[in-house]
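The residues making up each chain are set out below.
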Amino acid sequence: MARKLPMYKAISESIEQEMARDDNVFVMGEDVGIYGGIFGATTGLVDKFGPERIKDTPISESAFIGGALGAALKGMRPIAELMFVDFFGVTMDQIYNHIAKVHYMSNGQVKMPIVIMTAIGGGYGDAAQHSQCLYSLFAHVPGLKVVIPSNSYDAKGLMTSAIRDNNPVLCFLHKGIMGLGWITPLDEAIKDVPESPYTIPIGKGNVIKKGNDITIVTVAKMIYEALWAAKDLEKEGISVEVIDLRSLVPLDEKIIFNSVNKTGRLLVIDEDYKSYGMSGEIIALVFENIGNSLKTLPKRLAYPDIPIPYSRALEKFALPDKEKIIKVVKEMLR
């Protein structure tokens, strides 16, 4: 049976079911207990599993990410919530040098089944230290898997896959589509979610909308900006195909190549910073593999290389959105 669930409830349900299935699964992080996580991803879990398995931690990200590393080395399956991805700086050594590399450096003898879930994204005026995406930084490091759901159905399936994976997985959850009351909810992100457990393979993208004139590739909340733009462009006779990557590592290159071979045009939308990121990587892959299929040069529309403003007006000015997408698509088809 399926019901419509906001993303935060879908994630909480996935964690609850995996904790019931496997006693080695536990959660740790700031305010994950009674509060249920600042973005709701552990709502109600402490009542069912108690504080031994839903562990509220001090405000010390380096300590509890390091604790998750140690627990995984001993055969546990920790889920650590890094409240905002912007706080990863103090955990850089644990994630980059240990969590990402232990499996390789032990010649495959040691598994590293850690899930780090963290909040990303702007759009609600939370300034430069609480609004970044930064997923490209983690995708750059071999040994880490990177998933970025855009709706509640995908969120549950990807979280379940992440918890069961024997590799470290970072789950990036956009605040603007979590379905929380204190951030304007996005109804399109609330999907039918089956009650029973299910998985979505990590590394499998999804064609959200079929089209023939141009391919738009993106993730998370930008999916909806792309869909809104595509709807308006359809009225002018422009057919847009929209691809939700769902994960950056592994990356579903096949779904991108198949679409661009058909449309001959590529636009990558990214809420992360423009330089050295997801947008440039995808364009490079397309050029290297199927460049002869292109009818025009690919383009990217990403967050400019500036600190994210606190001012909502300035933040909106910098963020990719429907209007900016429409303008670029029309330029590419001119």
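Scroll up to find the structure this text is about.
Basis of the calculations
Residues numbered from 1 in each chain as written. Predicted model: local features only at pLDDT ≥ 70, side-chain atom pairs only at ≥ 80, totals over all residues. Heavy atoms only, no water. Phe/Tyr/Trp six-rings, centres within 6.5 Å; stacked < 30°, edge-to-face > 60°. Helix = DSSP H or I, 4+ residues; strand = E, 2+ residues; numbered from the N terminus. Buried < 20%, exposed > 50% of the residue type's maximum accessible area, 1.4 Å probe, protein only. Core = buried A, V, L, I, M, F, W, Y, C linked by side-chain atoms within 4.5 Å. Contact = heavy atoms within 4.5 Å. Pairing = 2+ DSSP bridges. Axes fitted to C-alpha atoms, helices over the stretch in contact; angles between N-to-C directions. Expected span 1.5 Å × (residues − 1). Arc of directions from axis to C-beta.

Caption draft 1: Region of the structure containing the packing of aromatic side chains. All chains considered together, the criterion is met by eight aromatic pairs. Between Tyr 96 and Phe 138, the aromatic rings sit 6.1 Å apart at their centres with planes inclined by 80°, giving edge-to-face as the arrangement. Taken together, the residues span a long stretch of sequence, with Tyr 96 in helix 4 (residues 92–99) and Phe 138 in helix 6 (residues 135–139) at a distance of 42 residues. Exposure class is identical for Tyr 96 and Phe 138. Each is buried. Judged by centre distance (4.7 Å) and plane angle (15°), the ring pair of Tyr 153 and Tyr 198 falls under stacked. You can see Tyr 153 sitting in helix 7 (residues 152–164) and its partner Tyr 198 sitting in the loop between strand 8 (191–194) and strand 9 (206–209), a full 45 residues away along the chain.

Caption draft 2: Seen up close, the nonpolar core. Formed by 62 residues in total, the largest nonpolar core has its most connected members in Ile 11, Ile 15, Met 117, Leu 267 and Ile 325. When residues in this core are grouped by element, the largest group, seven residues, is from helix 8 (residues 222–234). Beyond its immediate sequence surroundings of up to four residues, Ile 11 is in contact with Ala 41, Met 117, Ala 155, Met 159, Leu 173 and Met 178. Counting 50 residues, the second largest nonpolar core, distinct from the first, contains Phe 88, Ala 100, Leu 170 and Ile 290.

Caption draft 3: Examining the sheet that holds strand 11 (residues 240–244) more closely. What the five strands build is an open sheet, ordered 9-11-10-13-14; its pairing is mixed. Looking at which strands have only one partner, the edges of the open sheet turn out to be strand 9 and strand 14 (299–303). Adjacent strand axes in the sheet meet at a mean angle of 25° when their direction is disregarded. In the sheet, strand 9 pairs with strand 11 via three bridges, with the strands oriented antiparallel. From the neighbouring strand, Val 207 faces strand 11, where its bridge partner is Ile 243.

Caption draft 4: Broad picture of helix 3 (residues 61–73). Given a rise of 1.5 Å per residue, 13 residues ought to cover 18 Å, and the 18 Å separating the end C-alpha atoms of helix 3 matches this to within 8%. Taken together, the buried positions of helix 3 are occupied by Glu 61, Phe 64, Ile 65, Ala 68, Leu 69, Ala 71 and Ala 72. Buried residues of helix 3 fall within an arc of 165° about the axis and therefore sit on the same side. Its buried side turned inward, helix 3 meets strand 2 (25–29), strand 4 (77–84), helix 4 and strand 5 (115–120). Gly 75 occupies a position one or two residues after helix 3 and carries a positive phi of about 100°.

Shape descriptors only; they carry no functional weight alone.
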